Amino acid sequence: AALKLYATRRWYFYDAWNCFDFVCVVATAAGILVDLLSTVTIGTLMSAIRIFRIARLFRLVRFAKGLNQLFIAFVLSIPKLFNVAILLLLLLFLFTVLGVRLFGATQFSGSHDDHANFRNFYRGFMTLVRCMTGEGWNEIMHSLAKDSEFFGLVLHRPCVDSFDITAENYAELQQKCLIDHPVQCGSPVSFMFFIAYTCIITFVVLNLVIAVILEGFEDSTKSAEKDVVNKCIDVWKQFDPHYDMEIPIDSAIVFMETVNSEVMRDNPELR
């Protein structure tokens, strides 16, 4: 980094990767000096910073045009993906609140257990995140739909169709340990709930992420083409200051070479 800084001088900081290398080297050197000159130990922090130097491997993408274009498309898509993430969190919040309201008192059975339930907001949210990946959502759906016959005849654990917790009966239910272990029967509403959730989250929102990345890929292609066109216009003004819309044939070769060199200089990923 020091040799490159000496060779390129102020141009060194025009490259984002050079800035990243500079920060890593300075942070590492500062950590070594602090360890040598003081009793403060920050070795763990410096090790964590040095690990980030692995990101320098991304510099290799510049040598693969297709891979580099995909990487640029992903970077351009990050702001739009942030909006999609907010929409996803909003939908997860709504479905979690609805799930806690509908299935918060349903008795455990099958895949509906301590690890996947709607007893509280956190556990319900994590359950929906798990279902978003496609893992066992249908099993949880069927477990939440078990009726009184299943609980009574199969599990020998009777349940009730309605289990309302109010301020008047809370103390009584708490004394009977029914607050932590409610005994409400399942409901067929779980089928509509999980099918709607899967269709909206898995088939719509997650596919929207793919659409945003594809749009970013298209934007990255247009951006590169636009840079070349703008550079041609700027260089043309140097060869045709009077806007005659024509230049001598011997200047045309110089014009193309100038455009090519300046485009390569400003867009190293096009090399």
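By the naming in an unreviewed UniProt entry, the protein chain goes by Ion transport domain-containing protein and is assigned to Perkinsus olseni. UniProt annotates the protein chain under Subcellular location (unreviewed entry) with the comment "Membrane".

Undergrad: Would you explain the state of the cysteines in this entry?
TA: Cysteine pairs can be linked by a disulfide, which is a covalent bond between their two sulfur atoms. A full pass over the atoms with the stated rule returns one disulfide. One disulfide in the model links Cys159 with Cys185; its S-S distance is 1.9 Å. Taking the sign of the S-S torsion, about 95° here, the bridge from Cys159 to Cys185 comes out right-handed. Of this pair, Cys159 sits in the loop between α7 (148–154) and α8 (170–175) while Cys185 sits in the loop between α8 and α9 (189–239), and the two are 26 residues apart along the sequence. As far as burial versus exposure is concerned, Cys159 and Cys185 are alike and both buried.

Undergrad: Would you take a moment to explain the pattern of salt bridges for this structure?
TA: When their charged atoms lie close together, side chains carrying opposite charge are able to pair. Throughout the structure, instances matching the rule amount to one salt bridge. Residue Glu215 is joined to Lys80 by a salt bridge in which the shortest nitrogen-to-oxygen separation is 3.2 Å. With a gap of 135 residues between them, Glu215 in helix α9 and Lys80 in helix α4 (residues 65–103) connect regions that are remote in the sequence. A relative accessible area of 37% means that Glu215 is categorised as partly exposed. Its relative accessible area of 29% is what places Lys80 among the partly exposed residues.

Undergrad: Before we go on, may I ask you to explain the packing of aromatic side chains in this structure?
TA: The description of an aromatic ring pair uses the distance of the two centres, along with the angle that the planes make with each other. Applying the stated criterion across every chain yields a total of twelve aromatic pairs. Here the aromatic rings of Phe118 and Phe193 are separated by 6.0 Å at their centres, their planes lie at 90°, and the arrangement is edge-to-face. Of this pair, Phe118 sits in the loop between α4 and α5 (121–132) while Phe193 sits in helix α9, and the two are 75 residues apart along the sequence. Across the ring face of Phe108, the terminal group of Arg119 is positioned such that the distance to the ring centre comes to 3.9 Å.

Undergrad: It is not clear to me how the side chain of Thr127 should be interpreted in this structure. Could you clarify?
TA: Relative to the helices and strands, Thr127 resides in helix α5. Its relative accessible area of 1% is what places Thr127 among the buried residues. Leaving out residues up to four positions away in the same chain, Thr127 has contacts with His115, Ala116, Asn117, Phe118 and Ile140.

Undergrad: Could you clarify how one ought to interpret the layout of surface pockets in this entry?
TA: The method is simple in principle: a probe with the dimensions of a water molecule rolls over the atoms, and the space it marks as empty is what remains. Roughly 390 Å³ of internal volume is contained in the second largest pocket. Taken together, 19 residues line the second largest pocket, and the ones lying closest to its centre are Val100, Gly104, Ala105, Phe163 and Ile165.

Undergrad: Would you explain α5 in this entry?
TA: Every α-helix winds through 3.6 residues per turn, so residues three or four apart in the chain are directed the same way. Taking 1.5 Å of rise per residue, the twelve residues of α5 would be expected to cover 16 Å, and the 16 Å separating its terminal C-alpha atoms lies within 8% of that figure. Taken together, the buried positions of α5 are occupied by Gly124, Thr127, Leu128, Cys131 and Met132. Buried residues in α5, looked at end-on, bunch into an arc of 145°, giving them a common side.

Undergrad: Any chance you could explain the environment of Leu92 here in plain terms?
TA: Locating Leu92 in the fold gives a position in helix α4. With a relative accessible area of 2%, Leu92 lands in the buried category. In the structure, Leu92 is positioned 40 residues away from Met132 in sequence and 9.5 Å away in space, judged by C-alpha atoms. When residues no more than four places from it in sequence are discounted, the contact partners of Leu92 are Phe125, Leu128, Val129 and Tyr197.

Undergrad: Looking at this structure, how should I read the environment of Leu81?
TA: For Leu81, the position within the fold is in helix α4. According to the relative accessible area criterion, Leu81 is buried, its value standing at 17%. Each C-alpha atom of the pair Leu81 and Leu208 lies 9.1 Å from the other, and the pair is 127 residues apart in sequence. Setting aside anything within four residues of it in sequence, one finds Leu81 in contact with Phe74, Val209, Val212 and Ile213.

Parameters and conventions
Residues numbered from 1 in each chain as written. Predicted model: local features only at pLDDT ≥ 70, side-chain atom pairs only at ≥ 80, totals over all residues. Heavy atoms only, no water. UniProt positions renumbered as here; feature names shortened; annotations may be inferred. Disulfide = S-S within 2.5 Å. Helix = DSSP H or I, 4+ residues; strand = E, 2+ residues; numbered from the N terminus. Buried < 20%, exposed > 50% of the residue type's maximum accessible area, 1.4 Å probe, protein only. Salt bridge = Lys/Arg side-chain N within 4 Å of Asp/Glu carboxyl O. Phe/Tyr/Trp six-rings, centres within 6.5 Å; stacked < 30°, edge-to-face > 60°. Lys NZ or Arg CZ within 6 Å of the ring centre and 35° of its normal. Contact = heavy atoms within 4.5 Å. 1 Å grid on protein atoms, 1.4 Å probe; cavity = no way out; pocket = protein on both sides within 12 Å on 5 of 7 lines; lining within 4 Å. Points joined across faces, edges and corners; volume = space filled by probe spheres on them. Expected span 1.5 Å × (residues − 1). Arc of directions from axis to C-beta.

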